[in-house]
Every structure is written in C-alpha cells, then in structure tokens.
Amino acid sequence: MEVRLDPRLLTLAAALTAGGARPPSAEEHPLVTETRNRLAGATEHAAVRWLREAFARHDLLGLAMQAVQLGPPPDFDDSCPDGVPAFVEAWFAEVDRPALADALRSAWRELRIGDLLRDQAPMWEEVVRDLSHLLADAQLEPFQRLFWGRFPYEAVAVPLWNMNGAGAKGVGVANVRETYAVCLPHGASPPAQADLLALAQHEASHPVLDDIQRQHPDVAGDCAFIEMDCPPAGRFAQFYGDPTFRWVETLIRTSTCFYLEYLGRPEDAETFAESQVAAGVTAVPLFRDALRPWWEARQQGTAPGLDLALPQLPAWLRSALAH
C-alpha cells in the first residue's frame, strides 16, 4: 500500500486549519501548529471562509470526496476526464465541485500554500517514512481481492497531519482509479499500527462494496432481520440512522476482523471485534460466525469472492442465528 502526500487534500486541510474549522487541541502535531501560525491572517480570506462554511455542512468526508475528483494544483481541474464514481454522484452531489475547485485554487495561489508545504517538506518526509514503515506488510490489496472478489483500485494512505482531527481517526474517499485512507493525526506520535491497518482496510472497502451492492441491491434489506436479535446501540445507532448504512458498516467492520486475522494478528482481530460491539455494532460477532465457513473455503480456493457469494449472506446469517 502506497503512502503518498496528496496536495489536493493537503491544501484542503491547510485552509481548514487556517479557518479554524476545528478548535485547537491541547496536544497537536507540530504540522498543525505551524500551519495555523503561518496562515494566521487568512481566517477571513474568501476561499477559507467558503471552505469553513462548506465543512460545517458536509464535514471532511464530503469535501475530501470531491477534492480527489479534481486535478492537481495549481489548477484543480474539475472536468473529471476519467469520470466520477457512481456513489460519489449519488451521495456527495450536494458538495459543489466547481466551487470547491475555485476555493482550493484561490487558497493555493493567494495564501501560497505550495510554498508552505515545501517549507514543511522535512517534517512531511518523516511522516511518510513513519507511516510507510507501519504499512510495509499491510498486504491490503491481496486481501481485498480475496475477500471481496475484486478490487479495481490502487490503495493509498494519505496523512493529513496538518489538520486537527478533533478525535476522528480519518475518512475514506475514492475516485475511479484509487482509494484513499485519509489519516488524521492524534497528537505528535504516529498512530498504533493495528489502528492504522484497520483504518486503511476499512476505508478501502467502501467503494468496492458499493459496486457489489449495486449488483445485488436486495441483500441489505434481506438481512434486516438481524437487528431484531442484535439491535444496534450507542453511537453507532445514533450516527447511522439508516438500516442499509448500518448493514454496510457492519459488513465492512467484520471484513476488518478477517483482515487482521489474515495478517496473523488474531489478538488484534479479537480486540477490534470487542471494540465494535462496545461501540454498538452488536451484529459483528454474528456476521463473523456467518461468514466464517465461506471465508475458510475462499482461502482454500473452493468458494467465490463475496462479489458473487453476497446473495447467500441472509441464509448464512439465519443459520448462524440458529446455532
């Protein structure tokens, strides 16, 4: 898995930091502090103000999703010659992509964000080195192809250490060629390796599962019965108000358990599963039990990927409940 600095996302993060989209934290990465200090006079810049207001409406996920459809700076071309994924047009169309491109173009040129990033180059090189070390044995793309049955993307981890994450671990975005695990800093130290691996695999799963769902649109609804036996709870139930969204998240979080096992980290897989149940994703153990026989057969080469096997999931869940 490649670790790469993405100037589109770094520009977005720098402008949001300058605009105070998130409040300063007691312990923050030096890149956050330096960015805020260098851009201290930009709070009321028109582009920064627009981005801050758009952030309040769409959060980082919406803005970053549209940002990775754009060309690189300084132009941030919004013509999207390669096309835009269907799920971006379906779920993120409220973000005005041409206006976002205009704001990023203005911020890059008028606030000299390119110069700022060049001056920060030694710190960014250290960040990339740390994350590359943590992800050196990630084996993410082979796992994704094995589990989902397809993975027509290149997976990239993008550190946004110049933005105060305010407690969030990151977001996942994609265009038609690449998926990006956009990682947010937690203080000055690199993240725990297991957390980073889980984040990268989780975020890289959304676009491929969306594609598979479009092939099998009834499966999520056919699995709705599980919420009677495993009612979602806590923050998970509050944040994901739609049953289909909860199904997507539960399936992807279950895939992360299998991913950590695949890497030879069974203890991390158990810890992750327990953390998900504690967060209200109560169906993860049931999904693991339901998928286990298929996954073992899949690893032995005697079962198809989930892109073909997904219609069997409701029956597998019923069988797991019966046992």
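Our structure's up above, just so we're on the same page.
An account of the accompanying structure is given in this report. (Residues numbered from 1 in each chain as written. Predicted model: local features only at pLDDT ≥ 70, side-chain atom pairs only at ≥ 80, totals over all residues. Heavy atoms only, no water.)

1. Regarding the environment of Glu227
Thinking step 1. Structurally, the position occupied by Glu227 is in helix α11 (residues 226–229).
Thinking step 2. Sequence spacing of Glu227 and Arg246 is 19 residues, and the spatial spacing of their C-alpha atoms is 9.7 Å.
Thinking step 3. Apart from the residues within four sequence positions on either side, Glu227 is in contact with Pro232, Pro243 and Arg246.
Thinking step 4. A polar atom in the side chain of Glu227 sits 2.8 Å from the side chain of Arg246. (Helix = DSSP H or I, 4+ residues; strand = E, 2+ residues; numbered from the N terminus. Contact = heavy atoms within 4.5 Å. Polar contact = N/O pair within 3.5 Å; in protein donor to acceptor, adjacent residues only side chain to side chain.)

2. Here we look at helix α8 (residues 140–148)
Thinking step 1. Every buried residue belonging to α8 is among Leu140, Phe143, Gln144, Phe147 and Trp148, and all of these are buried. For α8, the buried positions fall inside an angular range of 100° around the axis, keeping them on one side. (Buried < 20%, exposed > 50% of the residue type's maximum accessible area, 1.4 Å probe, protein only. Arc of directions from axis to C-beta.)

3. Notes on the pattern of salt bridges
Thinking step 1. Across all of its chains, the model carries 23 salt bridges by this definition.
Thinking step 2. Where Asp115 meets Arg118, a salt bridge forms, and the shortest distance between an N and an O atom there is 2.2 Å. Placement of the pair is Asp115 and Arg118 together in helix α6 (residues 113–119), with a separation of three residues, close to one helical turn.
Thinking step 3. Assessed through its relative accessible area of 55%, Arg118 is described here as exposed.
Thinking step 4. Two residues, Arg265 and Asp268, come together in a salt bridge whose shortest N-O distance is 2.7 Å.
Thinking step 5. For Asp268, a relative accessible area of 25% corresponds to the partly exposed category.
Thinking step 6. A cluster of three or more residues bridged by salt bridges with shared partners is formed by Glu261, Glu270, Arg288 and Arg292. (Salt bridge = Lys/Arg side-chain N within 4 Å of Asp/Glu carboxyl O.)

4. Here we look at the sheet that holds strand β2 (residues 154–159)
Thinking step 1. One open sheet holds the four strands; their spatial order is β1-β2-β4-β3, and the pairing between them is mixed. Two strands lie at the open edges of the sheet, namely β1 (2–3) and β3 (170–174), each paired on one side alone.
Thinking step 2. Bridging between β1 and β2 involves two bridges; their strand directions are parallel. Counterpart to Val3 in the pairing with β2 is Ala157.
Thinking step 3. Packing against the sheet, helix α9 (residues 193–215) makes contact with β3 and β4 (178–183), and its axis sits at approximately 140° to β4. (Pairing = 2+ DSSP bridges. Axes fitted to C-alpha atoms, helices over the stretch in contact; angles between N-to-C directions.)

So, to be careful, I would describe these as geometric facts and stop short of saying anything about function.
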